[in-house]
Amino acid sequence: MRKLLDFIVGKRHWFLFLLLEVIAFALVYRNNAYQRNVMLSSANVVTGHLSSLSGSVMAYLNLRELNHELTERNGALEMEVLRLQDQLEVLAADTAAFHGYIPDTAHLSAFPYSFISAEVVSNSVSRLSNYITLNRGALDGVAQDMGVVSDRGVVGIVSTVSDHYAVVIPLLNPKSRLSCKLLRSRFFGTLAWDGRDVRFASLEELPRHVEFAEGDTVVTSGYSAVFPAGLMVGTVERLGKQDDNNFYALDIRLATDFATLSNVRVIRNYTQAEHRLIQQEASEND
Amino acid sequence: MINNVLRVAIYCLVFLSIQVLVLNNIHFLRLATPFLYVYILLKMPVGTQPVRLLLLAFFTGLVVDSFTNTAGMHAAACCLAAFARNPLINLLAGKDIPAEGIPSAALFGKGAFLRYTLGFVMLHHIALFLIESLTLFDPLYLVFRILGSICLTTLLIYLAEAFNLHIPTSNES
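Residues numbered from 1 in each chain as written. Chains lettered and ligands numbered in written order. Predicted model: local features only at pLDDT ≥ 70, side-chain atom pairs only at ≥ 80, totals over all residues.

Trainee: How would you summarise the overall build of chain A if you had to cite specific residues and measurements?
Mentor: On a plain count of helices and strands, chain A comes out with 5 helices and 12 strands. Across the 286 residues in chain A, those meeting the buried criterion constitute 33%. (Helix = DSSP H or I, 4+ residues; strand = E, 2+ residues; numbered from the N terminus. Buried ≥ 20, exposed ≤ 12 C-beta atoms within 10 Å, placed from the backbone.)

Right under this line is the structure:
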(Lines give C-alpha, C1' and ligand atoms only; values in the text may rest on other atoms or scores of the structure.)
Protein backbone atom coordinates (compact mmCIF):
# COMPACT_ATOMS: atom_id res chain seq x y z
CA MET A 1 0.00 0.00 0.00
CA ARG A 2 2.76 2.39 1.05
CA LYS A 3 4.68 1.46 -2.07
CA LEU A 4 1.66 2.19 -4.21
CA LEU A 5 1.23 5.59 -2.55
CA ASP A 6 4.92 6.32 -3.02
CA PHE A 7 4.59 5.39 -6.64
CA ILE A 8 1.59 7.67 -7.14
CA VAL A 9 3.29 10.61 -5.38
CA GLY A 10 6.52 10.03 -7.27
CA LYS A 11 4.78 9.93 -10.64
CA ARG A 12 2.23 12.62 -9.92
CA HIS A 13 3.36 14.68 -12.92
CA TRP A 14 2.24 11.79 -15.12
CA PHE A 15 -1.27 12.08 -13.79
CA LEU A 16 -1.23 15.85 -14.05
CA PHE A 17 -0.02 15.52 -17.63
CA LEU A 18 -2.85 13.16 -18.52
CA LEU A 19 -5.40 15.39 -16.77
CA LEU A 20 -4.22 18.53 -18.58
CA GLU A 21 -4.18 16.77 -21.95
CA VAL A 22 -7.70 15.53 -21.36
CA ILE A 23 -8.82 19.07 -20.50
CA ALA A 24 -7.09 20.47 -23.58
CA PHE A 25 -8.65 17.91 -25.90
CA ALA A 26 -12.02 18.43 -24.30
CA LEU A 27 -11.64 22.11 -25.17
CA VAL A 28 -10.67 21.29 -28.75
CA TYR A 29 -13.60 18.95 -29.08
CA ARG A 30 -16.06 21.40 -27.56
CA ASN A 31 -14.79 24.08 -29.84
CA ASN A 32 -15.46 21.94 -32.88
CA ALA A 33 -18.86 20.87 -31.66
CA TYR A 34 -20.23 24.32 -30.90
CA GLN A 35 -18.05 26.26 -33.33
CA ARG A 36 -16.77 28.52 -30.62
CA ASN A 37 -16.89 28.88 -26.92
CA VAL A 38 -17.25 32.38 -25.73
CA MET A 39 -15.11 32.03 -22.60
CA LEU A 40 -11.83 31.41 -24.39
CA SER A 41 -12.32 33.37 -27.55
CA SER A 42 -11.62 36.84 -28.78
CA ALA A 43 -15.22 37.77 -28.02
CA ASN A 44 -14.05 37.72 -24.42
CA VAL A 45 -13.87 41.21 -22.85
CA VAL A 46 -10.17 41.14 -21.91
CA THR A 47 -8.82 39.74 -25.17
CA GLY A 48 -11.34 41.85 -27.05
CA HIS A 49 -10.03 45.06 -25.49
CA LEU A 50 -6.42 44.15 -26.18
CA SER A 51 -7.25 43.25 -29.75
CA SER A 52 -9.15 46.47 -30.31
CA LEU A 53 -6.12 48.36 -29.00
CA SER A 54 -3.82 46.72 -31.52
CA GLY A 55 -6.59 47.02 -34.09
CA SER A 56 -6.78 50.79 -33.64
CA VAL A 57 -3.04 51.08 -34.25
CA MET A 58 -3.32 48.95 -37.37
CA ALA A 59 -6.24 51.09 -38.56
CA TYR A 60 -3.92 54.10 -38.77
CA LEU A 61 -1.40 52.17 -40.80
CA ASN A 62 -4.11 51.21 -43.29
CA LEU A 63 -5.60 54.70 -43.64
CA ARG A 64 -3.93 55.65 -46.90
CA GLU A 65 -5.11 52.58 -48.77
CA LEU A 66 -8.53 52.84 -47.20
CA ASN A 67 -8.86 56.44 -48.27
CA HIS A 68 -8.00 55.51 -51.80
CA GLU A 69 -10.57 52.76 -51.79
CA LEU A 70 -13.25 55.06 -50.38
CA THR A 71 -12.57 57.71 -52.97
CA GLU A 72 -12.89 55.15 -55.70
CA ARG A 73 -16.10 53.81 -54.26
CA ASN A 74 -17.40 57.33 -53.85
CA GLY A 75 -16.71 58.02 -57.48
CA ALA A 76 -18.49 54.88 -58.57
CA LEU A 77 -21.54 55.75 -56.49
CA GLU A 78 -21.62 59.29 -57.82
CA MET A 79 -21.64 57.94 -61.35
CA GLU A 80 -24.49 55.65 -60.37
CA VAL A 81 -26.49 58.59 -58.95
CA LEU A 82 -25.92 60.58 -62.08
CA ARG A 83 -26.98 57.69 -64.25
CA LEU A 84 -30.15 57.16 -62.23
CA GLN A 85 -30.96 60.87 -62.21
CA ASP A 86 -30.60 60.91 -65.94
CA GLN A 87 -32.87 57.92 -66.27
CA LEU A 88 -35.41 59.51 -63.95
CA GLU A 89 -35.51 62.67 -66.01
CA VAL A 90 -35.99 60.75 -69.21
CA LEU A 91 -38.80 58.75 -67.69
CA ALA A 92 -40.41 61.82 -66.12
CA ALA A 93 -40.37 63.56 -69.45
CA ASP A 94 -41.82 60.50 -71.09
CA THR A 95 -44.66 59.92 -68.72
CA ALA A 96 -47.87 61.81 -68.92
CA ALA A 97 -48.10 62.58 -65.24
CA PHE A 98 -51.40 61.99 -63.51
CA HIS A 99 -51.24 63.36 -59.98
CA GLY A 100 -54.54 61.98 -58.87
CA TYR A 101 -53.05 58.51 -58.67
CA ILE A 102 -52.08 57.31 -55.19
CA PRO A 103 -49.97 54.18 -55.40
CA ASP A 104 -51.19 51.26 -53.34
CA THR A 105 -48.26 50.55 -51.05
CA ALA A 106 -49.91 47.76 -49.10
CA HIS A 107 -48.78 45.04 -51.48
CA LEU A 108 -45.29 46.45 -51.88
CA SER A 109 -43.17 44.76 -49.24
CA ALA A 110 -40.45 46.87 -47.65
CA PHE A 111 -36.83 46.01 -48.43
CA PRO A 112 -36.13 43.60 -45.56
CA TYR A 113 -32.42 44.35 -45.07
CA SER A 114 -30.54 47.01 -43.13
CA PHE A 115 -26.90 47.21 -42.08
CA ILE A 116 -24.73 48.00 -39.08
CA SER A 117 -21.21 49.22 -39.81
CA ALA A 118 -18.41 47.72 -37.75
CA GLU A 119 -14.66 47.74 -37.46
CA VAL A 120 -12.42 44.68 -37.48
CA VAL A 121 -10.46 44.41 -34.23
CA SER A 122 -8.78 41.09 -34.85
CA ASN A 123 -8.36 39.08 -37.97
CA SER A 124 -6.38 36.10 -39.16
CA VAL A 125 -5.68 34.70 -42.60
CA SER A 126 -2.80 32.40 -41.78
CA ARG A 127 -4.47 29.49 -40.05
CA LEU A 128 -6.68 26.71 -41.30
CA SER A 129 -9.64 27.96 -39.29
CA ASN A 130 -9.67 31.73 -39.50
CA TYR A 131 -11.88 34.03 -37.46
CA ILE A 132 -12.58 37.76 -37.51
CA THR A 133 -13.62 39.76 -34.46
CA LEU A 134 -15.76 42.91 -34.84
CA ASN A 135 -16.24 45.76 -32.37
CA ARG A 136 -20.04 45.54 -32.50
CA GLY A 137 -22.02 43.13 -30.36
CA ALA A 138 -25.49 42.21 -29.17
CA LEU A 139 -26.05 45.72 -27.75
CA ASP A 140 -25.54 47.18 -31.23
CA GLY A 141 -28.05 44.78 -32.72
CA VAL A 142 -25.68 42.15 -34.08
CA ALA A 143 -26.97 38.60 -33.73
CA GLN A 144 -25.87 35.14 -34.72
CA ASP A 145 -26.14 34.13 -38.41
CA MET A 146 -26.08 37.66 -39.77
CA GLY A 147 -24.10 38.19 -42.97
CA VAL A 148 -21.02 40.42 -43.09
CA VAL A 149 -19.80 42.27 -46.18
CA SER A 150 -16.94 44.65 -46.96
CA ASP A 151 -16.81 47.38 -49.60
CA ARG A 152 -15.60 44.87 -52.13
CA GLY A 153 -17.64 41.77 -51.39
CA VAL A 154 -18.89 39.14 -49.00
CA VAL A 155 -16.79 38.52 -45.85
CA GLY A 156 -18.58 35.87 -43.80
CA ILE A 157 -21.27 35.03 -41.27
CA VAL A 158 -21.52 36.01 -37.58
CA SER A 159 -21.05 32.96 -35.36
CA THR A 160 -20.79 34.20 -31.78
CA VAL A 161 -21.92 37.45 -30.18
CA SER A 162 -21.09 38.97 -26.80
CA ASP A 163 -22.36 42.34 -25.55
CA HIS A 164 -19.70 44.41 -27.31
CA TYR A 165 -17.97 42.07 -29.73
CA ALA A 166 -18.93 39.60 -32.42
CA VAL A 167 -16.92 36.81 -34.01
CA VAL A 168 -17.33 36.17 -37.73
CA ILE A 169 -16.57 32.94 -39.55
CA PRO A 170 -15.13 34.31 -42.80
CA LEU A 171 -15.18 32.56 -46.17
CA LEU A 172 -11.59 31.57 -45.29
CA ASN A 173 -12.70 28.88 -42.87
CA PRO A 174 -13.40 25.27 -43.78
CA LYS A 175 -16.58 25.47 -41.70
CA SER A 176 -18.03 28.18 -43.91
CA ARG A 177 -20.39 27.14 -46.71
CA LEU A 178 -22.02 29.82 -48.82
CA SER A 179 -24.62 29.35 -51.52
CA CYS A 180 -23.52 31.26 -54.63
CA LYS A 181 -24.42 31.51 -58.29
CA LEU A 182 -22.78 32.52 -61.53
CA LEU A 183 -24.25 35.88 -62.45
CA ARG A 184 -24.30 35.24 -66.20
CA SER A 185 -25.56 31.68 -66.44
CA ARG A 186 -27.44 31.52 -63.09
CA PHE A 187 -26.01 28.10 -62.16
CA PHE A 188 -25.64 27.84 -58.40
CA GLY A 189 -23.26 25.94 -56.15
CA THR A 190 -21.64 26.02 -52.73
CA LEU A 191 -18.56 28.12 -51.99
CA ALA A 192 -16.03 26.43 -49.70
CA TRP A 193 -12.39 27.02 -48.79
CA ASP A 194 -9.67 24.35 -48.98
CA GLY A 195 -7.31 25.98 -46.47
CA ARG A 196 -4.50 26.80 -48.89
CA ASP A 197 -4.59 30.13 -50.62
CA VAL A 198 -6.25 33.15 -49.04
CA ARG A 199 -7.05 34.62 -52.46
CA PHE A 200 -9.05 31.69 -53.78
CA ALA A 201 -12.00 29.56 -52.75
CA SER A 202 -13.78 26.91 -54.73
CA LEU A 203 -17.35 26.84 -55.95
CA GLU A 204 -18.48 23.24 -55.70
CA GLU A 205 -21.47 21.10 -56.62
CA LEU A 206 -21.96 22.69 -60.02
CA PRO A 207 -23.65 20.43 -62.58
CA ARG A 208 -21.46 19.15 -65.41
CA HIS A 209 -23.29 21.12 -68.06
CA VAL A 210 -22.47 24.41 -66.38
CA GLU A 211 -21.53 27.21 -68.76
CA PHE A 212 -18.77 29.49 -67.59
CA ALA A 213 -15.94 31.65 -68.84
CA GLU A 214 -12.89 32.82 -66.94
CA GLY A 215 -13.66 36.15 -65.32
CA ASP A 216 -17.37 35.46 -64.86
CA THR A 217 -18.81 37.14 -61.79
CA VAL A 218 -19.96 35.03 -58.85
CA VAL A 219 -22.62 36.50 -56.56
CA THR A 220 -24.64 35.32 -53.57
CA SER A 221 -27.71 33.31 -54.49
CA GLY A 222 -29.97 34.67 -51.75
CA TYR A 223 -31.23 31.19 -50.91
CA SER A 224 -29.95 31.23 -47.35
CA ALA A 225 -31.73 34.32 -45.95
CA VAL A 226 -28.36 35.48 -44.62
CA PHE A 227 -27.37 37.56 -47.63
CA PRO A 228 -29.61 39.27 -50.15
CA ALA A 229 -29.18 37.89 -53.66
CA GLY A 230 -26.61 39.46 -55.96
CA LEU A 231 -23.83 40.49 -53.57
CA MET A 232 -20.36 40.30 -55.13
CA VAL A 233 -18.34 37.25 -54.03
CA GLY A 234 -15.59 36.94 -56.64
CA THR A 235 -14.72 36.02 -60.20
CA VAL A 236 -14.10 32.67 -61.87
CA GLU A 237 -10.37 32.00 -62.17
CA ARG A 238 -10.23 28.52 -63.71
CA LEU A 239 -11.73 25.05 -63.60
CA GLY A 240 -10.75 23.52 -60.28
CA LYS A 241 -9.91 19.94 -59.42
CA GLN A 242 -12.98 17.74 -59.19
CA ASP A 243 -13.53 15.18 -56.48
CA ASP A 244 -16.66 13.82 -58.03
CA ASN A 245 -17.38 12.93 -61.65
CA ASN A 246 -20.92 14.26 -61.58
CA PHE A 247 -20.05 17.77 -60.48
CA TYR A 248 -17.63 20.49 -61.48
CA ALA A 249 -15.73 22.71 -59.11
CA LEU A 250 -14.47 26.17 -60.08
CA ASP A 251 -11.65 28.13 -58.48
CA ILE A 252 -12.99 31.53 -57.51
CA ARG A 253 -10.82 34.59 -56.97
CA LEU A 254 -12.40 36.23 -53.91
CA ALA A 255 -13.39 39.88 -54.27
CA THR A 256 -12.67 40.67 -50.62
CA ASP A 257 -9.03 41.08 -49.64
CA PHE A 258 -9.10 39.43 -46.23
CA ALA A 259 -5.53 40.39 -45.39
CA THR A 260 -6.32 44.13 -45.38
CA LEU A 261 -9.85 44.01 -44.03
CA SER A 262 -10.73 46.86 -41.65
CA ASN A 263 -14.24 48.25 -42.16
CA VAL A 264 -17.21 45.95 -42.70
CA ARG A 265 -21.00 46.04 -42.60
CA VAL A 266 -23.19 43.53 -40.81
CA ILE A 267 -26.39 42.82 -42.71
CA ARG A 268 -29.58 42.49 -40.72
CA ASN A 269 -32.44 40.61 -42.35
CA TYR A 270 -35.82 41.20 -40.74
CA THR A 271 -37.38 38.19 -42.43
CA GLN A 272 -34.65 35.70 -41.53
CA ALA A 273 -36.46 34.14 -38.55
CA GLU A 274 -39.58 33.63 -40.62
CA HIS A 275 -37.58 32.15 -43.49
CA ARG A 276 -35.85 29.74 -41.08
CA LEU A 277 -39.09 28.76 -39.44
CA ILE A 278 -40.93 27.89 -42.62
CA GLN A 279 -37.96 25.89 -43.93
CA GLN A 280 -37.79 23.99 -40.66
CA GLU A 281 -41.50 23.33 -40.80
CA ALA A 282 -41.20 22.01 -44.33
CA SER A 283 -38.41 19.62 -43.42
CA GLU A 284 -40.32 18.43 -40.36
CA ASN A 285 -43.41 17.70 -42.40
CA ASP A 286 -41.32 15.80 -44.87
CA MET B 1 13.89 31.65 -6.19
CA ILE B 2 12.15 35.06 -6.13
CA ASN B 3 14.49 36.09 -8.87
CA ASN B 4 13.41 33.14 -10.94
CA VAL B 5 9.68 33.80 -10.44
CA LEU B 6 10.21 37.38 -11.53
CA ARG B 7 12.16 36.24 -14.58
CA VAL B 8 9.41 33.81 -15.61
CA ALA B 9 6.76 36.50 -15.14
CA ILE B 10 8.69 38.94 -17.33
CA TYR B 11 9.32 36.23 -19.93
CA CYS B 12 5.60 35.40 -19.98
CA LEU B 13 4.61 39.03 -20.41
CA VAL B 14 7.19 39.79 -23.12
CA PHE B 15 7.01 36.60 -25.19
CA LEU B 16 3.26 36.13 -24.96
CA SER B 17 2.72 39.74 -26.09
CA ILE B 18 5.16 39.30 -28.97
CA GLN B 19 3.44 36.07 -29.95
CA VAL B 20 -0.10 37.38 -29.72
CA LEU B 21 0.42 40.84 -31.21
CA VAL B 22 3.06 40.20 -33.85
CA LEU B 23 4.03 36.62 -34.62
CA ASN B 24 0.50 35.24 -34.91
CA ASN B 25 0.02 37.50 -37.93
CA ILE B 26 3.13 36.25 -39.70
CA HIS B 27 2.50 33.67 -42.34
CA PHE B 28 5.74 33.34 -44.27
CA LEU B 29 5.08 32.26 -47.87
CA ARG B 30 1.59 31.20 -46.70
CA LEU B 31 3.36 28.34 -44.99
CA ALA B 32 5.21 29.01 -41.78
CA THR B 33 4.14 30.72 -38.57
CA PRO B 34 6.72 31.05 -35.78
CA PHE B 35 5.65 30.15 -32.24
CA LEU B 36 8.30 31.90 -30.17
CA TYR B 37 6.35 31.59 -26.92
CA VAL B 38 7.74 28.06 -26.37
CA TYR B 39 10.93 29.93 -25.42
CA ILE B 40 9.36 30.55 -21.98
CA LEU B 41 9.16 26.81 -21.36
CA LEU B 42 12.48 26.15 -23.04
CA LYS B 43 14.33 28.43 -20.62
CA MET B 44 12.89 27.13 -17.35
CA PRO B 45 15.63 25.99 -14.94
CA VAL B 46 16.69 22.38 -15.42
CA GLY B 47 15.55 21.28 -11.97
CA THR B 48 12.02 22.73 -12.19
CA GLN B 49 9.43 20.37 -10.77
CA PRO B 50 7.54 18.62 -13.58
CA VAL B 51 4.22 19.59 -11.99
CA ARG B 52 5.04 23.31 -12.09
CA LEU B 53 6.39 23.04 -15.61
CA LEU B 54 3.18 21.36 -16.80
CA LEU B 55 0.95 23.95 -15.16
CA LEU B 56 2.99 26.79 -16.67
CA ALA B 57 2.85 25.09 -20.07
CA PHE B 58 -0.90 24.69 -19.86
CA PHE B 59 -1.32 28.31 -18.84
CA THR B 60 0.84 29.77 -21.64
CA GLY B 61 -0.84 27.49 -24.17
CA LEU B 62 -4.27 28.58 -23.00
CA VAL B 63 -3.35 32.28 -23.25
CA VAL B 64 -2.17 31.86 -26.84
CA ASP B 65 -5.27 29.76 -27.57
CA SER B 66 -7.64 32.42 -26.34
CA PHE B 67 -6.13 34.92 -28.77
CA THR B 68 -6.06 32.61 -31.78
CA ASN B 69 -9.50 31.11 -31.14
CA THR B 70 -8.15 27.59 -31.08
CA ALA B 71 -9.23 26.57 -27.57
CA GLY B 72 -7.08 23.71 -26.30
CA MET B 73 -4.74 23.16 -29.28
CA HIS B 74 -1.75 25.12 -28.03
CA ALA B 75 -2.39 23.98 -24.46
CA ALA B 76 -2.28 20.33 -25.52
CA ALA B 77 0.88 20.77 -27.59
CA CYS B 78 2.64 22.75 -24.82
CA CYS B 79 1.78 20.14 -22.20
CA LEU B 80 3.20 17.39 -24.37
CA ALA B 81 6.43 19.31 -24.97
CA ALA B 82 6.77 20.24 -21.29
CA PHE B 83 6.16 16.64 -20.27
CA ALA B 84 8.93 15.43 -22.56
CA ARG B 85 11.34 18.18 -21.54
CA ASN B 86 13.08 16.56 -18.59
CA PRO B 87 13.69 13.20 -20.33
CA LEU B 88 14.98 15.20 -23.32
CA ILE B 89 17.46 17.11 -21.12
CA ASN B 90 18.60 13.91 -19.42
CA LEU B 91 19.09 12.27 -22.79
CA LEU B 92 20.92 15.11 -24.54
CA ALA B 93 22.83 16.92 -21.82
CA GLY B 94 23.46 14.21 -19.22
CA LYS B 95 22.34 14.25 -15.62
CA ASP B 96 25.15 16.30 -14.11
CA ILE B 97 23.59 19.71 -14.80
CA PRO B 98 22.98 21.89 -11.71
CA ALA B 99 19.29 22.14 -10.85
CA GLU B 100 19.22 25.96 -11.00
CA GLY B 101 20.95 26.03 -14.39
CA ILE B 102 18.94 27.60 -17.19
CA PRO B 103 19.32 25.75 -20.50
CA SER B 104 21.70 27.61 -22.80
CA ALA B 105 24.49 26.91 -25.26
CA ALA B 106 27.07 27.69 -22.56
CA LEU B 107 25.58 25.21 -20.09
CA PHE B 108 24.78 22.35 -22.44
CA GLY B 109 27.39 22.81 -25.12
CA LYS B 110 26.50 24.14 -28.57
CA GLY B 111 25.53 20.85 -30.21
CA ALA B 112 23.48 19.59 -27.29
CA PHE B 113 21.60 22.87 -26.96
CA LEU B 114 20.76 22.90 -30.66
CA ARG B 115 19.50 19.32 -30.42
CA TYR B 116 17.53 20.18 -27.28
CA THR B 117 15.94 23.23 -28.93
CA LEU B 118 15.14 21.37 -32.14
CA GLY B 119 13.71 18.40 -30.25
CA PHE B 120 11.52 20.55 -28.05
CA VAL B 121 10.28 22.75 -30.90
CA MET B 122 9.66 19.76 -33.17
CA LEU B 123 7.61 17.98 -30.56
CA HIS B 124 5.48 21.06 -29.92
CA HIS B 125 4.96 21.92 -33.58
CA ILE B 126 4.19 18.41 -34.77
CA ALA B 127 1.62 17.99 -31.99
CA LEU B 128 0.12 21.40 -32.69
CA PHE B 129 -0.22 20.98 -36.46
CA LEU B 130 -1.51 17.43 -36.17
CA ILE B 131 -4.24 18.52 -33.76
CA GLU B 132 -5.04 21.46 -36.01
CA SER B 133 -5.38 19.36 -39.15
CA LEU B 134 -7.64 16.76 -37.59
CA THR B 135 -10.36 18.68 -39.35
CA LEU B 136 -8.66 18.93 -42.72
CA PHE B 137 -5.97 16.61 -43.94
CA ASP B 138 -3.47 17.32 -46.68
CA PRO B 139 -0.25 15.42 -45.82
CA LEU B 140 2.35 17.04 -48.06
CA TYR B 141 1.21 20.58 -47.33
CA LEU B 142 1.11 19.72 -43.64
CA VAL B 143 4.72 18.50 -43.70
CA PHE B 144 5.86 21.71 -45.39
CA ARG B 145 3.96 23.79 -42.86
CA ILE B 146 5.53 21.93 -39.94
CA LEU B 147 9.07 22.09 -41.34
CA GLY B 148 8.77 25.78 -42.22
CA SER B 149 7.40 26.67 -38.82
CA ILE B 150 10.10 24.68 -37.01
CA CYS B 151 12.81 26.51 -38.95
CA LEU B 152 11.30 29.94 -38.23
CA THR B 153 10.75 29.24 -34.53
CA THR B 154 14.28 27.88 -34.05
CA LEU B 155 15.71 30.91 -35.84
CA LEU B 156 13.80 33.27 -33.55
CA ILE B 157 14.82 31.32 -30.44
CA TYR B 158 18.48 31.72 -31.40
CA LEU B 159 17.83 35.41 -32.01
CA ALA B 160 16.33 35.73 -28.54
CA GLU B 161 19.36 33.83 -27.18
CA ALA B 162 21.70 36.33 -28.80
CA PHE B 163 19.94 39.20 -27.02
CA ASN B 164 19.75 37.28 -23.78
CA LEU B 165 23.51 36.90 -23.27
CA HIS B 166 23.86 40.25 -21.50
CA ILE B 167 21.12 39.66 -18.95
CA PRO B 168 22.55 38.05 -15.80
CA THR B 169 20.81 34.75 -15.12
CA SER B 170 19.47 33.93 -11.69
CA ASN B 171 22.32 31.60 -10.70
CA GLU B 172 24.93 34.26 -11.37
CA SER B 173 23.33 37.11 -9.51
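Trainee: Summarise the overall build of chain B; cite the residues concerned and give the values.
Mentor: The number of helices and strands found in chain B is 8 helices and 0 strands. Starting at the N terminus and walking to the C terminus, you meet the elements of chain B as α-α-α-α-α-α-α-α. For chain B, the proportion of contacts with a sequence separation of at least 24, taken over those separated by at least 6, is 68%. (Contact = placed C-beta atoms within 7 Å.)

Trainee: Outline the sheet that holds strand β3 (residues 147-149) of chain A, listing residues and values.
Mentor: Sheet strands associate in pairs through backbone hydrogen bonding, adopting either a parallel or an antiparallel arrangement. Residue and element names in this part refer to chain A. Ordered in space as β1-β2-β5-β4-β3-β12, the 6 strands form a closed barrel in which the pairing is antiparallel. Each neighbouring strand pair of the sheet contributes to a mean axis angle of 40°, computed without reference to strand direction. Of the pairings in the sheet, the one linking β3 to strand β4 (residues 154-161) comprises 3 bridges and is antiparallel in character. The partner of valine 148 across the bridge, within β4, is glycine 156. (Pairing = 2+ DSSP bridges. Axes fitted to C-alpha atoms, helices over the stretch in contact; angles between N-to-C directions.)

Trainee: Quick rundown of the interface of chain B and chain A? Include the residues and the values.
Mentor: The interface of chain B with chain A comprises 26 residues on the first partner and 29 residues on the second. Elements with a minimum of two residues in the side of chain B that touches chain A: α3 (50-68), α4 (73-83) and α7 (110-132) of chain B. Element by element, the count of residues in the side of chain B that touches chain A is highest for α3(B), at 8 residues. Within the side of chain B that touches chain A, the residues separate by chemical class into 15 nonpolar, 8 polar and 3 charged. (Nonpolar A, V, L, I, M, F, W, Y, C, P; charged D, E, K, R; others polar.)

Trainee: Got a sec to walk through unusual backbone geometry? Specific residues and values, please.
Mentor: Of note in the backbone geometry, Asp145(A) takes a positive phi value of approximately 70° without being a glycine. Here Asp145(A) is to be found in the loop between β2 (132-134) and β3.

Trainee: So what's going on with the nonpolar core? Residues and values would help.
Mentor: Counting 50 residues, the largest nonpolar core has Leu134(A), Val158(A), Val168(A) and Ile252(A) as the members making the most contacts within it. Counting 48 residues, the second-largest nonpolar core is a separate cluster that includes Ala24(A), Leu42(B), Phe58(B) and Val121(B). (Core = buried A, V, L, I, M, F, W, Y, C linked by C-beta atoms within 7 Å.)

Trainee: Requested: an account of α3(B), with residues and values cited.
Mentor: With 19 residues, α3(B) extends 27 Å from end C-alpha to end C-alpha; this agrees with the ideal 27 Å at 1.5 Å per step. Residue Asn69(B) follows α3(B) closely and has a positive phi angle near 60°. (Expected span 1.5 Å × (residues − 1).)

Trainee: Help me get a handle on the sheet that holds strand β6 (residues 178-182) of chain A, residues and values and all.
Mentor: Residues and elements named next belong to chain A. With respect to topology, 6 strands assemble into a closed barrel ordered β6-β7-β8-β11-β10-β9, the strand pairing being antiparallel. With strand direction ignored, the average angle separating the axes of adjacent strands in the sheet is 40°. By the bridge criterion, 3 bridges tie strand β9 (residues 217-220) to strand β10 (residues 232-239) in an arrangement that is antiparallel. Across the sheet, valine 219 pairs through a bridge with methionine 232, a residue of β10.

Trainee: Go over the environment of Tyr165(A), please, and point to the residues and values.
Mentor: Here Tyr165(A) shows up in the loop between β4 and β5 (166-170). Spatially, the C-alpha atoms of Tyr165(A) and Ser52(A) are 9.9 Å apart, while their sequence positions differ by 113 residues.

Trainee: Can you explain the pairing of β4(A)? Please cite residues and give values.
Mentor: Residues and elements named next belong to chain A. Most of β4 sits out of view: 8 of its 8 residues are buried. The antiparallel pairing of β3 with β4 creates a hairpin that spans 4 residues between the two strands. Across 5 bridges, the pairing between β4 and β5 is antiparallel. From the neighbouring strand, valine 158 faces β5, where its bridge partner is valine 168. In sequence, β4 turns back onto β5 through a hairpin of 4 residues.

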